[in-house]
Amino acid sequence: MLDFDTIAAISTPLGEGAIAIVRLSGTEAVSIANRLYDGRDLDVVDSHTMHYGRVIDPNTEEMIEEVMVSVMRAPKTFTREDVVEINCHGGLASVNRLLELTLELGARLAEPGEFTKRAFLNGRIDLSQAEAVMDLIRAKTDKAMNVAVKQLDGKLSKLIERLRQDLIETVAQVEVNIDYPEYDDVEDMTKELMLSRTKSVYQEIERLLEMAKQGKILREGISTAIIGRPNVGKSSLMNALVQENKAIVTEIPGTTRDVIEEYVNVRGVPLRLVDTAGIRDTEDIVEKIGVERSRQVLKEADLILLVLNHNERLTDQDRQLFDLVSDLGLIVLINKTDLDQQLDYDEVYQLSQGHPVITTSLIEEAGIDHLEEAIANTFFDGQIEADDLSYVSNVRHIQLLKQALGSLEDATSAIHDDMPMDLIQIDVTRTWELLGEIIGDTVEDSLIDQLFSQFCLGK
Ligand code: GDP
Ligand code: ZN
């Protein structure tokens, strides 16, 4: 294990939490805690035990806080170092005082992400798991949480390891074939082998990237805009979605900008009801900002719910809206089916160009389930429950996977072009390296520093 100094930080969100934790990690963790703690002798207590006591300022003998102290000795800890967690009841002033005391007694204030960085450097977790910790902190919905938990579990790492294994074995096999040719057509056979192995790895990476798309949706929510002419029922739709699926207001603790966003959870799919640039309720968006600008604004949404009125004929304004959104993620909603039909459905289907068309009577609360089904199908091909999938949810991973695909493509076309085997092997080895970067096998130090600095303090 690597030898580090002892670090300390407040590892719960700053603010009015009921409990705050000051976390120490490093060889001095227990002795520092012991010197400010009045209770049992922490040097001799069993590992992974928790103790009640008081924190006393050693300089003034003043009582600071009643606390619960957990002692966890290396190596079975998050950082693989000795870890002490001092739990106290909130109160910013006393938590800060407690942290200061640990610093006075020789601990160093941890940099953002430093606990997780140590876990990584001490071999406790690999890089994709470290990043999962970060995602976990930020996860907004249960599903997104599952993705992060799975990644933390090492599922992605295992898959990546297997793909790398396939590649390196292929390279090795090729070496053997070339060095010890058993048959005359060894050249052709080797290329066949190379082609089929790279193809299967290629397909697996493609599958991962497809899941990455879903992972992104899960983490960030589907930004959704409800549009339509005045009075068709946009606000009613918004209310129905919010009531039916209780809006989730998420506070993301511990991040520098504590974002508050409004989410609606539709069958596990987080809809982010977009409230920027006024695209949430766009009755006269076109009039206000013009066609081109509207197109731009709407493009930023992942999903457009275009509401029409069953009780009225289509107007030019409706047709104009169709024109704005026809190439986007679109669900058409025909509302007010409790009233007389005036709408020409044939024209609606034609304008919808294969996008789902749902009928509702929001006033009678009818049809909302069909809408929800359509939303789930649009984004997950109805497969959202298939939770054995190990999603990739990290921009850096996605970037590397795309590069890996690129170098596999190079390898494949080199094979088709009858290039020398050496050159093909370079591409395959490059793919192996790129995949290695995902799990931190071939990453440079600077990248590691940069990654961990994105964590919030105390993690
Ligand atoms: P918006 O202007 O598009 O936001 O439309 P609203 O949601 O404010 O609805 C306009 C009016 O239509 C309100 O009086 C609603 O009560 C009514 N409305 C909404 N949905 C229905 C429906 O399904 N059937 C009927 N008959 N009225 C509806
Ligand atoms: Zn409205």
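The structure displayed is predicted, hence computed values, not measured ones.

Undergrad: Whenever I open this one, the overall build of the protein chain confuses me. Can you help?
TA: Helix and strand counts for the protein chain come out as 16 helices and 14 strands. When burial is assessed residue by residue, the protein chain has 37% of its 459 residues classed as buried. The long-range fraction of contacts in the protein chain, counting pairs at least 24 apart against all pairs at least 6 apart in sequence, stands at 67%.

Undergrad: Explain the site of ligand 1 here, please?
TA: In the vicinity of ligand 1 lie 15 residues, with Gly233, Lys234, Ser235, Ser236 and Ile363 positioned nearest. Broken down by element, the shell around ligand 1 gets its largest block of residues, three residues, from helix H8 (residues 234-244).

Undergrad: What is the right way to look at the UniProt feature "binding site: K(+)" (unreviewed entry) in the protein chain in this model?
TA: Mapped onto this structure's residue numbering, the UniProt feature "binding site: K(+)" (unreviewed entry) falls at Asn231, Thr250, Ile252 and Thr255. Looking at the element boundaries, Asn231 is found in the loop between strand E8 (222-228) and H8.

Undergrad: Looking at this structure, how should I read the environment of Arg319?
TA: One can find Arg319 in helix H11 (residues 316-325). Distance from Arg319 to Glu347, taken between C-alpha atoms, is 9.8 Å for residues 28 residues apart in sequence. Apart from the residues within four sequence positions on either side, Arg319 is in contact with Leu314 and Leu351.

Undergrad: Just to check I follow, could you spell out H11 for this structure?
TA: Helical geometry: 3.6 residues make up each α-helical turn, so side chains three or four residues apart lie on a common side. When we look at burial in H11, the residues that qualify are Asp318, Leu321, Phe322, Leu324 and Val325. Summarising the axial view, the buried residues of H11 lie within an arc of 160°, below the 170-degree limit, and thus occupy one face. Facing away from the buried side of H11 by over 90 degrees, the exposed positions are Asp316 and Arg319.

Undergrad: Which parts of the structure should I look at to understand the environment of Glu433?
TA: Relative to the helices and strands, Glu433 resides in helix H15 (residues 421-438). Placed 29 residues apart in sequence, Glu433 and Ala404 show a C-alpha to C-alpha distance of 8.6 Å.

Undergrad: How should the sheet that holds strand E5 (residues 63-72) be read in this particular structure?
TA: Two pairing modes exist for strands in a sheet, parallel and antiparallel, and in both the strands are linked by backbone hydrogen bonds. The seven strands are arranged E3-E4-E5-E6-E2-E1-E7 in an open sheet whose pairing can be described as mixed. Each end of this open sheet is capped by a strand with a single partner; those strands are strand E3 (37-38) and strand E7 (108-109). Sitting on the sheet, helix H1 (residues 29-36) is in contact with strand E2 (20-25), E3, strand E4 (49-56), E5 and strand E6 (83-88), with an inclination near 35° to E6.

Undergrad: Any chance you could explain the confidence of the model for the protein chain here in plain terms?
TA: Caution is warranted with low-pLDDT regions, since their predicted coordinates should not be read in detail. In this model, the protein chain carries an average pLDDT of 78, and 72% of its residues clear a pLDDT of 70 or more. The secondary structure element of the protein chain with the lowest average pLDDT is strand E9 (residues 248-251), at 41, and the one with the highest is strand E14 (residues 357-359), at 97. Low confidence marks residues 247-261, where pLDDT is under 50. Its contacts with residues over four positions away, or in another chain, come to 23 contacts. Across residues 275-282, where pLDDT falls below 50, the model places 18 contacts with residues more than four positions away in sequence or in other chains. In the model output, the complex is listed with pTM 0.49 alongside ipTM 0.98.

Undergrad: Whenever I open this one, the pairing of E4 confuses me. Can you help?
TA: Consecutive side chains of a regular strand alternate in pointing toward one face of the sheet and then the other. Relative to E4, E3 is paired through two bridges, and the arrangement is antiparallel. Along E4, the bridge assignment pairs Tyr37 with Val55. Two strands pair when backbone bridges link them, and E4 and E5 are joined in this way by eight bridges, in the antiparallel orientation. Across the sheet, the residue bridging to Met50 is Ser70, located in E5. Where E4 folds back on E5, the antiparallel hairpin that results is connected by six residues, among which Glu61 adopts a positive phi of roughly 65°.

Undergrad: Any chance you could explain the nonpolar core here in plain terms?
TA: For soluble globular proteins, the rule of thumb is that nonpolar side chains tend to be buried together. In terms of nonpolar packing, the biggest core is built from 57 residues, with Ala8, Leu24, Ala33, Val69, Val84, Ile86 and Leu98 touching the most fellow members. Residue contributions to this core reach at least three from each of two domains, namely domain 1 (7-126) and domain 2 (142-216 + 394-440). Ignoring sequence-local partners within four residues, the contact set of Val69 consists of Ala33, Tyr37, Leu42, Met50, His51, Gly53, Val84 and Ile86. Core analysis: the second largest hydrophobic core is formed by 34 residues, Leu298, Val325, Ile334 and Phe379 among them.

Undergrad: Explanation requested: H1 in the structure shown.
TA: The buried count for H1 comes to six of eight residues, which makes it a mostly enclosed element. Regarding H1, the residues found buried are Ala29, Val30, Ile32, Ala33, Asn34 and Leu36.

Undergrad: Please explain unusual backbone geometry as it appears in this structure.
TA: Among all residues save glycine, negative phi is the norm, and among peptide bonds the norm is trans. Look at the link from Ala74 to Pro75: it is a cis peptide, with omega at 0°. You can see Pro75 is positioned in the loop between E5 and E6. Of note, the phi angle at His48 is positive, near 55°, even though the residue is not glycine. Here His48 lies in the loop between E3 and E4. Not every positive phi belongs to a glycine, and Lys336 is a case in point at roughly 70°.

Undergrad: In this structure, what is going on with the pairing of strand E13 (residues 330-335)? I would like to understand it.
TA: The buried fraction of E13 is high, at six of six residues. Residue alternation in E13 divides its side chains into two sets, Leu330, Val332 and Ile334 and Ile331, Leu333 and Asn335, and both sets are buried. Bridge analysis of strand E12 (residues 303-309) against E13 gives six bridges, and the strand direction is parallel. Across the sheet, the residue bridging to Asn309 is Asn335, located in E13. Where the polypeptide runs from E13 across helix H12 (residues 345-352) and back to E14, its parallel neighbour, the crossover connection is right-handed.

Parameters at a glance
- Residues numbered from 1 in each chain as written.
- Chains lettered and ligands numbered in written order.
- Predicted model: local features only at pLDDT ≥ 70, side-chain atom pairs only at ≥ 80, totals over all residues.
- Helix = DSSP H or I, 4+ residues; strand = E, 2+ residues; numbered from the N terminus.
- Buried ≥ 20, exposed ≤ 12 C-beta atoms within 10 Å, placed from the backbone.
- Contact = placed C-beta atoms within 7 Å.
- Near = placed C-beta within 6 Å.
- UniProt positions renumbered as here; feature names shortened; annotations may be inferred.
- Arc of directions from axis to C-beta.
- Pairing = 2+ DSSP bridges.
- Axes fitted to C-alpha atoms, helices over the stretch in contact; angles between N-to-C directions.
- pLDDT = per-residue confidence, 0-100.
- Core = buried A, V, L, I, M, F, W, Y, C linked by C-beta atoms within 7 Å.
- Domains from an automatic or database assignment.
- Right-handed = clockwise from strand over helix to strand, strands pointing away.

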